[in-house]
Amino acid sequence: MSDENVYVVGDETSLYQKRQKIFPKIVSGKFNNFRVLSAWLLLGLYYLMPWVTWNGQQAILFDLPARKFQIFGLTFWPQDFIFLTMLLIIAALALFFFTAVAGRLWCGYACPQTVWTEAFLWMERLVEGDRNKQIKLDKAPWSFRKVRLRFTKHVLWILFALFTGYTFVGYFTPIRELTESLWTLSFSGWEWFWILFYSFATWGNAGMLREQVCIYMCPYARFQSSMFDKDTLIIAYDEKRGEKRGARKKSLSKEEYQSEGLGDCIDCMQCVHVCPTGIDIRDGLQYECIACAACIDACDDVMEKMGYEKNLIRYTSENHDAGGELNPFRPKTIGYGLILMLMAAIFVLSVWMRTPLELDIIKDRNRLYLTNSEGFIVNIYKLRVLNKDQSEHTYKISVSGYDGIEYEGPQQVTLSPESTKEVPVRVAIDPYLLKSTSMDIEFQLESIDDKSIEVTQPASFIGPVQRRGR
Ligand code: SF4
Ligand code: SF4
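Residues numbered from 1 in each chain as written. Chains lettered and ligands numbered in written order. Predicted model: local features only at pLDDT ≥ 70, side-chain atom pairs only at ≥ 80, totals over all residues. Heavy atoms only, no water.

Participant: Help me understand the overall build of the chain, please; the structure alone is not making it clear to me.
Facilitator: If you tally the helices and strands in the chain, you get 16 helices and 18 strands. Relative to the compact-globule value of 23 Å for 470 residues, the chain shows a C-alpha radius of gyration of 33 Å, a clear excess of over 25%. Principal axes of the C-alpha set define a box for the chain whose edges measure 115 × 60 × 50 Å. The proportion of buried residues among the 470 residues of the chain is 43%. Accessible area of the chain: about 26,900 Å², with a carbon and sulfur share of 61%. In the chain, the 52 positive side-chain charges and the 54 negative ones have mean positions that sit 4 Å from each other. (Helix = DSSP H or I, 4+ residues; strand = E, 2+ residues; numbered from the N terminus. Rg over C-alpha atoms; globule rule 2.2 N^0.38 Å. Buried < 20%, exposed > 50% of the residue type's maximum accessible area, 1.4 Å probe, protein only. Areas by Shrake-Rupley, 256 points an atom, 1.4 Å probe, with all protein chains shown as cover. Lys, Arg positive; Asp, Glu negative; His and termini not counted. Charge placed at Lys NZ, Arg CZ, Asp CG, Glu CD.)

Participant: Help me understand the UniProt feature "transmembrane region" (unreviewed entry) in the chain in this model?
Facilitator: This chain's UniProt record puts "transmembrane region" (unreviewed entry) on residues 34–54, 81–102, 155–172, 192–209 and 334–353. Secondary structure across residues 34–54 comprises 71% helix and 10% strand; the distance between its end C-alpha atoms is 30 Å. (UniProt positions renumbered as here; feature names shortened; annotations may be inferred.)

Participant: Explanation requested: the side chain of Asp 63 in the structure shown.
Facilitator: Along the chain, Asp 63 falls in strand β5 (residues 60–63). For Asp 63, which is buried and forms no salt bridge, the nearest opposite charge comes from Lys 68, at a distance of 4.9 Å. Excluding its chain neighbours within four sequence positions, the residues that come into contact with Asp 63 are Lys 68, Phe 69 and Phe 172. (Salt bridge = Lys/Arg side-chain N within 4 Å of Asp/Glu carboxyl O. Contact = heavy atoms within 4.5 Å.)

Participant: Where do I start with the packing of helix α4 (residues 112–128) against helix α5 (residues 131–139) in this structure?
Facilitator: Two packed helices can be described by the angle between their axes and the distance between those axes. For the pair α4 and α5, the least separation of the axes is 9 Å and the interaxial angle reads 70°. Classified by the interaxial angle, the pair formed by α4 and α5 is roughly perpendicular. Contact residues: α4 offers Glu 124, Arg 125 and Glu 128, while α5 offers Lys 133, Gln 134 and Leu 137. Grouping the amino acids of the contact of α4 with α5 by side-chain chemistry returns one nonpolar, one polar and four charged. (Axes fitted to C-alpha atoms, helices over the stretch in contact; angles between N-to-C directions. Parallel < 35°, antiparallel > 145°, perpendicular 65-115°, else oblique. Nonpolar A, V, L, I, M, F, W, Y, C, P; charged D, E, K, R; others polar.)

Participant: How should I be thinking about the site of ligand 2 in this particular structure?
Facilitator: In the region of ligand 2, 13 residues are neighbours, and Cys 275, Cys 289, Cys 292, Ala 293 and Cys 295 sit closest. Classifying every residue of the shell around ligand 2 by side-chain character gives 12 nonpolar, one polar and no charged. (Near = heavy atom within 4 Å.)

Participant: Can you walk me through unusual backbone geometry in this structure?
Facilitator: Of the consecutive residues Glu 243 and Lys 244, the connecting peptide bond is found in the cis state with omega at 0°. Position of Lys 244 among the secondary structure elements: in the loop between α11 (239–242) and α12 (254–259). One non-glycine residue, Asn 55, lies in positive phi territory at about 55°. Relative to the helices and strands, Asn 55 is located in the loop between β3 (53–54) and β4 (57–58). Classification of Asn 55 by relative accessible area gives exposed; the value is 62%.

Participant: What exactly am I supposed to notice about the pairing of strand β12 (residues 377–387) here?
Facilitator: The buried fraction of β12 amounts to nine of the 11 residues, a majority that puts the element mostly inside the structure. Judged from the seven bridges that link them, strand β10 (residues 357–363) and β12 form a sheet pairing that is antiparallel. Residue pairing in the sheet places Glu 358 in a bridge with Leu 386 of β12. Summarising the sheet, strand β11 (residues 370–371) and β12 pair through two bridges and their orientation is antiparallel. Bridge pairing in β12 places Thr 371 opposite Ile 377. In this structure, the hairpin formed by β11 and β12 is closed by a connection of five residues, where Gly 375 is found at a positive phi of approximately 85°. (Pairing = 2+ DSSP bridges.)

Participant: When you look at a positive patch on the surface in this model, what are you seeing that I'm missing?
Facilitator: Residues Lys 133, Lys 136, Arg 145 and Arg 148 make up a contiguous surface patch of positive charge. Positionally, Arg 148 belongs in helix α6 (residues 144–169). (Patch = residues over 30% accessible without salt bridge, like charges linked within 9 Å, V, L, I, M, F, W, Y side chains within 5 Å.)

Participant: Explain the sheet that holds strand β6 (residues 68–71) to me, please; I cannot follow it from the model alone.
Facilitator: In sheet architecture, strand pairing relies on hydrogen bonds along the backbone and comes in two forms, parallel and antiparallel. Strand order across the open sheet formed by three strands is β5-β6-β7, with antiparallel pairing between neighbours. Strands with a single pairing partner mark the edges of an open sheet, and in this sheet they are β5 and β7 (74–76). Geometrically, the sheet is characterised by an average inter-axis angle of 10° between neighbouring strands, direction not taken into account. Of the pairings in the sheet, the one linking β5 to β6 comprises four bridges and is antiparallel in character. What sits directly across from Ile 60, in β6, is Ile 71.

Shown next, in the form of structure tokens:
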């Protein structure tokens, strides 16, 4: 183990670095506006979506007991697992694409950890004030005021976290039913567990752990560098322009401070004070940087006040820094983009063309076949029909695939929306027509009210081969 991983605490040697508390300063600027807008949009979607109805039903509902997912009028069953697989592939490709083009765009603007931390920081500032007041309060000995402020902050955090946990469960239990249970606190055991667990996770991650989640717990921070290349967009300090850093009088002209060997960085530390992970961007690219761009806004503000050109900290790339052009369209990103679009198109088409009807055929295993009073060979099947649609349908049942095949069973079956039914049926064939002991046949179901809904399933017919005259 290298010495740099061993920390000395008092007389003891610890393997763990003591956490430095971070009090990010409030910042304003165009990237902050974009981040706040993104947070409002994503949090708004999260909290409002369970309340949206579609065709009289909750638009998004992951109904685990019924084993079906409702998404805007489409119902997905365990048999539709392929769509979930496709979605995961699309999400992975999107991550590759956006990381290759714009670095940690996800971390800075859309990651739930960033978005909820933003909300928790907002509540903290509302109660305790901005950075300097928070530092002062933290250092102050315990007093009635300190207890009151800390208590108020945690009450706000916990209420918000509980609302978050309650909304989360509203994606799995119809949220209106959940709300009825809320007034009497009569949630089921699982609902209690998930509301409290998710609330605790929200309070812990966004309120208490914050940057520690990004630095120590998130695996994406560790492997995202493998998706980077020299043209990936990063946030970096312009060292050539900024160094040598140092304080100076605002009245000094560029020529005057440059003649003293100073660059444009006035070493005001604003970029460090606003950083939610507490790093100094001037030390170069670091995995702790979540690319939130707060330091760009802070430094631009300083540059403006000093009358200097902005962009001392800016979006750039390694190649751009070395004098090249920004190059978002390169073989790698074009390749990712094309595959992403192709996969998205296949996904949309597959969902669009999906038949809302499923048919499983279960052959009677007790008897391979039996002979009826007319001497025909009879096979018995159970048709398991699943109507995945949100409307009732009546289906015509038929069987084909072999000359002289006879179907014995109900001609039609009616299923209510999103329901299954098992239909026992028999199929008979003259034994003298059988050419082998196992024949391929097909069952068909066709909706009477909507001809576009039909499904065909193969099955086997088993029986002894007989020859005439024997
Ligand atoms: S905010 Fe800008 S000027 Fe101030 S220390 Fe950071 S880089 Fe230097
Ligand atoms: S260094 Fe800048 S971009 Fe990176 S996390 Fe800190 S403030 Fe955000």
